[in-house]
Amino acid sequence: MSEKYRKKIYRRTALGAAVFLIVLALAACAPRMNRNAETDGSARQMTVIGFSQLGNESDWRIANTESMENTFTEEAGYELLTDDARQSQEKQIAAIRNFILREVDYIVLAPVVVSGWEEVLAEARDAGVPVIVMDRRVETEDDSLYTAWVGSDMEAEGDRAVRWLDEYLKEQGRDREEISIVHIQGSLNSSAQLGRTAGLDRGLAGHRNWKLAARECGEFTQAKAYEVMRDILKTTKEVDVVYCENDNEAFGVMQALGEAGLTYGKDGDVILISFDATEAGLTACMNGQINLNVECNPLHGPRVEKIISLLEEDGTPQKESYVEETVFEPDDLTEELIRERGY
Ligand code: AHR
């Protein structure tokens, strides 16, 4: 046997042994799937859900995670394995692979961005694990890569905000004035950002007097939105509207506007538009600080559970389900109404 061939065999054997050891180590580290939970003395089958949550960036996201946790409980017959990817698609892909390895029954994916999912979704499909996509969307040429999607129509949300602004400016007799708009985007390449930005872009294209004064990414967080708005205000003095792509960004923008001595909201100089309609966002709207809050409902736990129950009974869920949503102005709101909404 030549030296070169011997080395090759040795390398292959070493590689094989290393892969085997890694698989063994992973299996040992992974908590065992608890498919048989002891409840009132009798063992019963649990349905195991691997949930890849994209992060923890906003009030909306926290409400969304809570909705999943409150739905997929042990009492209801589920074991929920939640992985927080902290805004990283790489981490979400690794979590999905881990769920496949652990042979979960279903994977629920709240994707951070729209693109780049084909490979890992094909792995899940080939392993026979149904994937339910929730909230934001994935873009794949082959839609058999996931079983179902449930979430919001983000473009329609953007269109609702633009329609409202158009009417509001008419009511104010400002529809011929030049309107300077600052746009704080959400995390780039997420369907929430793409949809809401598309809505505003259509509004800008349809109104010659609407001018885009600045556009920056606020990453759907209060801290980043504050930072970018504070910097924008160093150079942009005329601001009529700030279009924030979620409530947490609106809070950061309020802080920056306040520090710059600008008033905003119902009785202020700057019109503030926000998305989500979380409890804190609607409270700010009710108090007149936000002029319009466009609803984006995060309570997807029961909706995902409906899909999974249907699959458990060998049914075929609807491929795409949109949540019905509305918009709120200060005069629409009461404390009671906000409390009843549950997020
Ligand atoms: O995908 C939904 C968006 O993501 C919400 O508007 C935002 O608050 C969240 O972080």
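Located above this text is the structure these notes cover.
Just so it is clear, the model here is predicted, and its values are computed rather than measured. Each chain has its residues counted from 1, following the order in which its sequence is written. With pLDDT at 70 or above as the cut-off, local features in this predicted model cover only qualifying residues; side-chain atom pairs require 80 or more to be listed or tallied, and sums for whole chains, interfaces and linings still use all residues. Computation of side-chain values: all heavy atoms of the structure, hydrogens and water removed.

J.: Quick question: what am I supposed to make of the nonpolar core here?
T.: A general feature of soluble globular proteins is that nonpolar side chains tend to end up buried together. The term nonpolar core refers to a set of buried residues drawn from Ala, Val, Leu, Ile, Met, Phe, Trp, Tyr and Cys, joined through side-chain atoms within 4.5 Å. Buried means the residue's accessible area, taken with a 1.4 Å probe over protein chains only, is under 20% of the maximum for its type, while exposed means over 50%, and partly exposed covers the values in between. In this structure, Trp117 and Val304 are the most contacted members of the largest nonpolar core, which totals 42 residues. Numbering of helices and strands starts at the N terminus; helices are DSSP runs of H or I of at least 4 residues and strands are runs of E of at least 2. Where this core is concerned, the elements lending two or more residues are β3 (47-53), β4 (78-84), α3 (89-101), β5 (106-109), α4 (118-126), β6 (131-134), β7 (148-151) and α10 (301-312). When residues in this core are grouped by element, the largest group, 5 residues, is from α3. If you look at the next biggest cluster of nonpolar residues, it comprises 30 residues, including Ile184, Ala214, Tyr226 and Ala250.

J.: Just checking my understanding: could you explain helix α6 (residues 191-206) for this structure?
T.: Each full turn of the α-helix corresponds to 3.6 residues, which orients residues three or four apart in the same direction. Expected span of a helix: the number of residues minus one, times 1.5 Å. Taking 1.5 Å as the rise per residue, α6 with 16 residues should run 22 Å; its terminal C-alpha atoms sit 22 Å apart, in good agreement. Listed as buried for α6 are Ser191, Ala192, Gln193, Gly195, Arg196, Thr197, Ala198, Gly199, Leu200, Gly203 and Leu204. Contacts between residues were defined by any pair of non-hydrogen atoms, one from each residue, lying within 4.5 Å. On its buried face, α6 is in contact with α5 (154-171), β8 (179-185), β9 (210-217), β10 (241-244) and β11 (271-276).

J.: In this structure, what is going on with empty space enclosed by the protein? I would like to understand it.
T.: Which parts of space are left empty comes out when a probe the size of a water molecule is rolled across the atoms. Cavities and pockets are defined on a 1 Å grid built over the protein atoms alone: a cavity is a set of grid points where a 1.4 Å probe fits but cannot escape, while a pocket is an open set with protein on both sides within 12 Å along at least five of seven lines, and lining residues are those with an atom within 4 Å of any such point. Grid points are joined across faces, edges and corners, and a volume is the space filled by probe spheres set on the points. One pass over the structure, following the stated rule, counts 1 cavity of 30 Å³ or more. Volume-wise, the largest cavity comes out at about 90 Å³. Lining the largest cavity are 13 residues, and of these Trp60, Arg61, Arg136, Arg196 and Asp276 lie nearest its centre. Going through the elements one at a time, α2 (59-71) and α6 are the ones with two or more residues in the lining of the largest cavity. In terms of residue class, the lining of the largest cavity is built from 5 nonpolar, 2 polar and 6 charged. Throughout, the ten residues Ala, Val, Leu, Ile, Met, Phe, Trp, Tyr, Cys and Pro are labelled nonpolar, Asp, Glu, Lys and Arg are labelled charged, and all others, Gly among them, are labelled polar.

J.: How should I be thinking about the packing of aromatic side chains in this particular structure?
T.: Centre distance and the angle of the planes are the two values used to describe a pair of aromatic rings. Here a Phe, Tyr or Trp ring, Trp counted by its six-membered ring, pairs with any other such ring whose centre lies within 6.5 Å, and the pair is stacked when the planes are under 30 degrees apart, edge-to-face when over 60, and tilted otherwise. If you walk through the whole model with that rule in mind, you get 4 aromatic pairs. A centroid spacing of 4.6 Å and a plane angle of 20° characterise the contact between Trp164 and Tyr168, whose relative ring orientation is stacked. Residue Trp164 and its partner Tyr168 are located together in helix α5, separated by 4 residues, close to a single helical turn. Residue Trp164 shares its accessibility class with Tyr168, and that shared class is buried. Aromatic side chains Tyr243 and Phe275 sit 5.3 Å apart centroid to centroid with 70° between the ring planes, which places their arrangement in the edge-to-face category. On the criterion of sequence distance, the pair formed by Tyr243 in strand β10 and Phe275 in strand β11 is long-range, its members being 32 residues apart. You'll find Tyr243 and Phe275 in the same group, each marked buried. Directly above the aromatic system of Trp149 lies the positively charged group of Arg137, at a separation of 3.9 Å from the ring centroid. In our convention, an over-ring charge means Lys NZ or Arg CZ found within 6 Å of a ring centre and within 35 degrees of that ring's normal.

J.: Explanation requested: the pairing of β6 in the structure shown.
T.: Each regular strand shows side chains that alternate between the opposite faces of the sheet. Here β6 shows a buried face lined by Val131 and Val133 and a second buried face lined by Ile132 and Met134. At least two bridges found by DSSP between two strands are what make those strands a pair. Bridge analysis of β5 against β6 gives 3 bridges, and the strand direction is parallel. By the bridge assignment, Val108 is partnered in β6 with Ile132. The definition of a right-handed crossover adopted here requires that, viewed with the strands pointing away, the path from the first strand over the helix to the second runs clockwise. Assessed by its sense of winding, the connection that carries the chain from β5 through α4 to β6 is right-handed. Two strands pair when backbone bridges link them, and β6 and β7 are joined in this way by 3 bridges, in the parallel orientation. Within β7, the residue paired with Val133 across the bridge is Trp149.

Read these as spatial facts, not as claims about activity.
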